[in-house]
Amino acid sequence: MSRIARSASQLLRQATTTRFAQQRSASSHSENTNTFIKEALQELEYPEKLQRLLLTPQRTVLVELVITKDDGQIESFNAYRVQHDDSRGPFKGGLRYHPQVDLDDVRSLASLMTWKTAVMDIPFGGAKGGITVDPKKLSERELEKLTRKLVQAIKDVIGPREDIPAPDMNTDGRVMSWFFDEYTKFEGFSPAVVTGKPVQLHGSLGREAATGRGTVLATRELLKHSRAGTIAGKSFVIQGFGNVGAWAAQIFQEHGGKVTAASDAFGAVRNEQGLDVLALRAHVATGARLADFPGGEAMDKNEVLYEKCDVLVPAAIGNVITSDNANQLNCQYVVEAANGPTTPNADKILRDRGITVLPDIYTNAGGVTVSFFEWVQNLQNFRWEEEEVNRRLDKAMTDAFAGVWDVHTSKRIPLRVAAFYIALQRVTRAHMNRGFD
């Protein structure tokens, strides 16, 4: 490429990155989710009143949490819990701590959980929660106070048989432990009130890696059914080297795949010959910057989406693939390990380009599947071996993909539409069977 052409390409990328940031901040997560759902509803030809039932959350809880900080200052935080649908079982969904959490974001994610549990045929409904907070600005003690305040505020609408939270962005087993402990003070010993707990505190073996492992299993099934071979020898780019992305990268490598680039919120690194994922994870675990990994070349984190690969795995936040950058992707498959990474307009562009998108409501469902296994173990007071957890996860991901692929091929509709089609049918049948009075 000539120096002039390279400069022009860089200018285009810079402009795209600027527009992308503007579009992502303005985009409505709920609107995007509903756009995808409505496409499947058109295939089902549901009447308007039934569509409203399926799209409208059953309950929205908004609370203000006030804590005394370590320095004696009083600060308040907005918190949300949206319970979308429980026709197939108790509400289920994560709890995220992030400065950009808002009601629109939580509504969208609650809806996605309804369809995710339905497409996996897990007996849960959908919910989501969050606190508008930057956890990096709070001490551990302050985070614990905030978590316990949240439990006190919503304890009457959650429970092992009603609504079971789980970890999400910036929450982990430690936060779930505080949640479980505070709820137990009011309701007695209740380990099944949350999932994603530490193994030492009634958590499930295999839960930490579940979403990443599920992503790999989903990719395996996609490649097999597309007659594109196996994971071995394929190249992968991981956008978002957090828990999900790092585990997916490691398991891709264990199956013979080559991870050629990875990014996080601060930078990116690439190696055309393949990154040593175990060494990269060890490097990041020391607190070092991902971009400073000696086994690769540092690159702009915004450029990682355009790296040439067989499979691009967005595993960070929503709305990263937009109409402004979809034409620059250089892959054959997009496997959505994140929630809502592709906007509707971008999705259409990728379809037109012949890039297959494996949708989030199936791809990243490994987490909620093993959360279901943890919930079952808690109710039984009996722990499964990790091999059994992984075996059951493999079967669940394989069976769910077979159903999606069957609708995809028989009705000649995209995989995303097929996944929503199945999920909507299952939720609708549950409502019809239970009645409306």
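Residues numbered from 1 in each chain as written. Predicted model: local features only at pLDDT ≥ 70, side-chain atom pairs only at ≥ 80, totals over all residues. Heavy atoms only, no water.

**Let's talk about the sheet that holds strand 1 (residues 59-68)**
Turning to step 1, where the next piece is worked out: Taken in spatial order, the 5 strands of this open sheet run 1-2-4-3-5, and their pairing is mixed. Where the open sheet ends on each side, the last strands, each with one partner, are strand 1 and strand 5 (163-167). Along the sheet, successive strands turn relative to each other by an average axial angle of 20°, direction set aside.
Turning to step 2, where the next piece is worked out: Sheet topology places strand 3 (residues 91-98) next to strand 4 (residues 126-132); 4 bridges connect them, and they run parallel. Opposite H98, over in strand 4, you have T132 as the bridge partner.
Turning to step 3, where the next piece is worked out: Helix-sheet contacts for helix 5 (residues 140-154) involve strand 1, strand 2 (74-85), strand 3 and strand 4, and the interaxial angle to strand 1 is about 140°. (Pairing = 2+ DSSP bridges. Helix = DSSP H or I, 4+ residues; strand = E, 2+ residues; numbered from the N terminus. Axes fitted to C-alpha atoms, helices over the stretch in contact; angles between N-to-C directions. Contact = heavy atoms within 4.5 Å.)

**What about the side chain of T215?**
Turning to step 1, where the next piece is worked out: Its location among the elements puts T215 in helix 7 (residues 210-225).
Turning to step 2, where the next piece is worked out: Not counting chain neighbours up to four residues away, the residues in contact with T215 comprise V244, A248, V313, V335, A337 and T363.

**Some remarks on the sheet that holds strand 6 (residues 235-239)**
Turning to step 1, where the next piece is worked out: Taken in spatial order, the 7 strands of this open sheet run 9-8-7-6-10-11-12, and their pairing is mixed. At either margin of the open sheet sits one strand with a lone partner, and together these are strand 9 (297-299) and strand 12 (356-358). Averaged over all neighbouring strand pairs, the angle between strand axes comes to 25°, with direction disregarded.
Turning to step 2, where the next piece is worked out: As judged from the 2 bridges shared by strand 10 (residues 311-314) and strand 11 (residues 333-335), these two strands associate in the parallel manner. Bridge pairing links V311 to Y333 in strand 11.

**Details of unusual backbone geometry**
Turning to step 1, where the next piece is worked out: Within the chain, D121 stands out as a residue other than glycine whose phi angle is a positive 60°.
Turning to step 2, where the next piece is worked out: Along the chain, D121 falls in the loop between helix 4 (103-119) and strand 4.
Turning to step 3, where the next piece is worked out: A positive phi angle, close to 70°, is found at H202, a residue other than glycine.

**What about helix 9 (residues 277-285)?**
Turning to step 1, where the next piece is worked out: All of the buried residues in helix 9 are V277, L280 and H283. Projected down its long axis, helix 9 shows its buried positions confined to an angular sector of 120°, all on one face.
Turning to step 2, where the next piece is worked out: Residues of helix 9 that are buried in the fold lie against helix 8 (243-254), strand 7 (258-263) and strand 8 (268-270).
Turning to step 3, where the next piece is worked out: For helix 9, the side-chain oxygen to backbone nitrogen distance between the N-cap and L278 is 3.4 Å, and the N-cap itself is D276.
Turning to step 4, where the next piece is worked out: Positive backbone phi, approximately 95°, marks G287, located one or two places after helix 9. (Buried < 20%, exposed > 50% of the residue type's maximum accessible area, 1.4 Å probe, protein only. Arc of directions from axis to C-beta. Polar contact = N/O pair within 3.5 Å; in protein donor to acceptor, adjacent residues only side chain to side chain.)

**Re the confidence of the model for the chain**
Turning to step 1, where the next piece is worked out: Residues at a pLDDT of 70 or more form 93% of the chain, whose mean pLDDT is 92.
Turning to step 2, where the next piece is worked out: Contacts of residues 1-26 to residues separated by more than four positions or lying in other chains number 25 contacts, the stretch itself having pLDDT below 50. (pLDDT = per-residue confidence, 0-100.)

**What to know about helix 6 (residues 173-187)**
Turning to step 1, where the next piece is worked out: Taking 1.5 Å of rise per residue, the 15 residues of helix 6 would be expected to cover 21 Å, and the 20 Å separating its terminal C-alpha atoms lies within 8% of that figure.
Turning to step 2, where the next piece is worked out: Here helix 6 has its buried residues at G173, V175, M176, S177, W178, F179, F180, E182 and Y183.
Turning to step 3, where the next piece is worked out: Packed against the buried residues of helix 6 are strand 3, helix 5 and strand 5.
Turning to step 4, where the next piece is worked out: Its side-chain oxygen placed 3.1 Å from the backbone nitrogen of R174, D172 serves as the N-cap of helix 6. (Expected span 1.5 Å × (residues − 1).)

**Points about the packing of helix 8 against helix 9**
Turning to step 1, where the next piece is worked out: Where helix 8 meets helix 9, the axes come as close as 9 Å, and the angle between the chain directions of the two elements is 155°. Between helix 8 and helix 9, the angle is such that the two are roughly antiparallel. When helix 8 is examined against helix 9, the residues A246, W247, A249, Q250 and Q253 are found in contact with a partner set consisting of V277, L278 and R281.
Turning to step 2, where the next piece is worked out: Its residues assigned to classes, the contact of helix 8 with helix 9 comprises 5 nonpolar, 2 polar and 1 charged. (Parallel < 35°, antiparallel > 145°, perpendicular 65-115°, else oblique. Nonpolar A, V, L, I, M, F, W, Y, C, P; charged D, E, K, R; others polar.)

**Notes on the packing of helix 2 (residues 29-44) against helix 10 (residues 344-353)**
Turning to step 1, where the next piece is worked out: At a minimum axis distance of 9 Å, the contact between helix 2 and helix 10 shows a crossing angle of 50°. When the axes of helix 2 and helix 10 are compared, the pair comes out oblique. For the pair helix 2 and helix 10, contact is made by N32, T35, F36 and E39 and by P344, D347 and R351, respectively.
Turning to step 2, where the next piece is worked out: The class makeup of the residues in the contact of helix 2 with helix 10 is 2 nonpolar, 2 polar and 3 charged.

**As for the pairing of strand 10**
Both faces of the sheet carry side chains from a regular strand, because those side chains alternate between them.
Turning to step 1, where the next piece is worked out: Every second residue of strand 10 is oriented toward a common face, with V311 and V313 on one face and L312 and P314 on the other, all of them buried.
Turning to step 2, where the next piece is worked out: Where strand 6 and strand 10 come together, 4 bridges link them in parallel fashion. Residue pairing in the sheet places V237 in a bridge with L312 of strand 10.

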